[in-house]
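Chain residues, written in single-letter form:
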Amino acid sequence: MTKADLIENVYLKTGFSKKESAEIVEMVFDLMKDTLEDGEKIKIAGFGNFVVKEKDSRRGRNPQTGDEIEISSRKILTFKPSQVLKASINGSS
Amino acid sequence: MTKSELIERLSLSADVLNKKDAEVIVNTIFDSIGDALAQGDRVEIRGFGSFTVRQRDAREARNPKSGEIVSIPSKKTPFFKTGKELRHRVNCID
């Protein structure tokens, strides 16, 4: 499934044209990206939470050469699925 | 941001949308992704990320309270891989 399928589903569910549906779906993901960029988490009930986590810098190794390198501190995005989503994926809803 | 705040922000940023429409749209998006994953499908949203289903093998674990060995059956779990654009934006790289 891609964004095009999401747009199609929105088009079928609402009275909006395909063009409008495409713009709206794009807008939803833009809003989510802006929010996460600000470091704010997103909680979607029944689906899951998107959380930005801070990672400290640490020593790592280049797995190819074995050289020790410094991995800088960084922010990463994690997704924690809700119990509801996990249950539906395991066929018990 | 919660789902209702996302709905609120969506209806504010698109003047064609009332709150009811925004709610239907946001619910359609997440329901569609959930349904696709329940069917074992992979969902890819360019610029955002992709959702896949990963299989976890059955394993033996211990109940930390009683120390009893319990067998945990294999199960599937949703997995999200952040897209390149979003990964860079979250980490403040342009």
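Counting of residues starts from 1 at the beginning of each chain's written sequence and follows it residue by residue. Chains and ligands are labelled sequentially in the order written, the chains with letters from A and the ligands with numbers from 1. Reporting of local features is limited, given that this is a predicted model, to residues whose pLDDT is at least 70; pairs of side-chain atoms are given and counted only at 80 or more, and all residues count toward the totals for whole chains, interfaces and linings. Only hydrogens and water are set aside; all other atoms, that is, all heavy atoms of the structure, feed into the side-chain values.

Q: Describe the confidence of the model for chain A, with residues and values.
A: For every residue, the predictor states its confidence as a pLDDT score lying anywhere from 0 to 100. The pLDDT averaged across chain A works out to 94; a share of 98% of its residues lies at or above 70. Taken element by element, chain A is modelled with least confidence in strand 4 (residues 68–71) of chain A, mean pLDDT 90, and with most confidence in strand 1 (residues 42–44) of chain A, mean pLDDT 98. For the purposes of this entry, the term helix denotes a DSSP run of H or I that reaches at least four residues, the term strand denotes a run of E that reaches at least two, and both are numbered from the N terminus.

Q: Talk me through the packing of aromatic side chains; I want residue IDs and the actual numbers.
A: Two aromatic rings, drawn from Phe, Tyr or Trp (for Trp, its six-membered ring), form a pair once their centres lie within 6.5 Å of each other, and the interplanar angle then sorts them: stacked below 30 degrees, edge-to-face above 60, tilted otherwise. In the structure shown here, the tally under the stated rule is twelve aromatic pairs over all chains. A ring pair is formed by Phe50 of chain A and Phe79 of chain A, whose centres lie 4.8 Å apart and whose planes are at 35°; its orientation type is tilted. With Phe50 of chain A in strand 2 (residues 48–55) and Phe79 of chain A in strand 5 (residues 74–81), this pair connects stretches of sequence that are 29 residues apart. Judged by its relative accessible area of 0%, Phe50 of chain A is buried. Where Phe79 of chain A meets Phe51 of chain B, the ring centres are 5.5 Å apart and the plane angle is 85°; that geometry is what we call edge-to-face. Placement of the pair is Phe79 of chain A in strand 5 and Phe51 of chain B in strand 2 (residues 49–56), with the two residues belonging to separate chains. Like Phe51 of chain B, Phe79 of chain A is buried. One aromatic cluster is present, formed by Phe29, Phe47, Phe50 and Phe79 of chain A together with Phe30, Phe48, Phe51 and Phe80 of chain B through successive ring pairs. The rule for a charge over a ring is simple: NZ of Lys or CZ of Arg within 6 Å of the ring centre, and within 35 degrees of the ring normal. Sitting over the face of the ring of Phe79 of chain B, Arg54 of chain B holds its NZ or CZ atom 3.6 Å from the ring centroid. Each residue is assigned to one of three classes by its accessible area relative to the maximum for its type, calculated with a 1.4 Å probe on protein chains only: buried under 20%, partly exposed between the two thresholds, exposed over 50%.

Q: Before we move on, could you go through the packing of helix 1 (residues 3–13) of chain A against helix 2 (residues 19–38) of chain B and cite the residues and values that matter?
A: Packing of helix 1 of chain A against helix 2 of chain B brings their axes to within 9 Å, and their N-to-C directions diverge by 135°. What the angle tells us is that helix 1 of chain A and helix 2 of chain B run oblique. By crossing handedness, the relation of helix 1 of chain A to helix 2 of chain B is classed as right-handed. Listed contacts from helix 2 of chain B to Leu6, Asn9, Val10 and Lys13 of chain A of helix 1 of chain A are Val24, Ile25, Thr28, Ile29, Ser32 and Ile33 of chain B. Amino acids outside the nonpolar list (Ala, Val, Leu, Ile, Met, Phe, Trp, Tyr, Cys, Pro) and the charged list (Asp, Glu, Lys, Arg) are all regarded as polar, and Gly is one of them. Classifying every residue of the contact of helix 1 of chain A with helix 2 of chain B gives six nonpolar, three polar and one charged. Axis lines are fitted through C-alpha atoms, for helices just across the contact stretch, and the angle between N-to-C directions can take any value from 0 to 180 degrees. What sets the label is the angle itself: under 35 degrees gives roughly parallel, over 145 gives roughly antiparallel, 65 to 115 gives roughly perpendicular, and the rest give oblique. Crossing handedness is read from the near helix: turned anticlockwise from the far helix by less than a right angle, it gives a left-handed crossing, and turned clockwise, a right-handed one. The contact rule is simple, with two residues in contact once any of their heavy atoms fall within 4.5 Å.

Q: Which residues make up the pattern of salt bridges, and what values go with them?
A: Salt bridges are identified by distance alone: a Lys or Arg side-chain nitrogen within 4 Å of an Asp or Glu carboxyl oxygen. For the coordinates displayed, the defined rule picks out 15 salt bridges over all chains. Salt-bridge contacts for Lys19 of chain B lead to Glu8 of chain B; the nearest nitrogen and oxygen are separated by 3.1 Å. Within this pair, whereas Lys19 of chain B is found in helix 2, its partner Glu8 of chain B is found in helix 1 (residues 3–13), the two being separated by eleven residues in sequence. Using a relative accessible area of 45% as the deciding quantity, one classes Lys19 of chain B as partly exposed. Each of Asp30, Lys33, Asp34 and Glu37 of chain A together with Glu85 and Arg89 of chain B takes part in salt bridges that share partners, so that together they form one network.

Q: Give a detailed account of helix 2 of chain B, specifying residues and quantitative values.
A: All names here are of chain B. Compared with an ideal rise of 1.5 Å per residue, which puts 20 residues at 28 Å, helix 2 spans 28 Å between its outermost C-alpha atoms and is within 8% of the ideal. The N-capping residue of helix 2, defined by a side-chain oxygen 3.1 Å from the backbone nitrogen of Lys20, is Asn18. Positive backbone phi, at 80°, marks Gly40, one or two positions downstream of helix 2. Given the number of residues in a helix, its expected span is that number minus one, multiplied by 1.5 Å. Whenever a nitrogen or oxygen atom comes within 3.5 Å of another N or O atom, the pair is scored as a polar contact, on the condition that within protein one atom can donate a hydrogen and the other can accept it, and that pairs from neighbouring residues in sequence are kept only if both atoms are in side chains.

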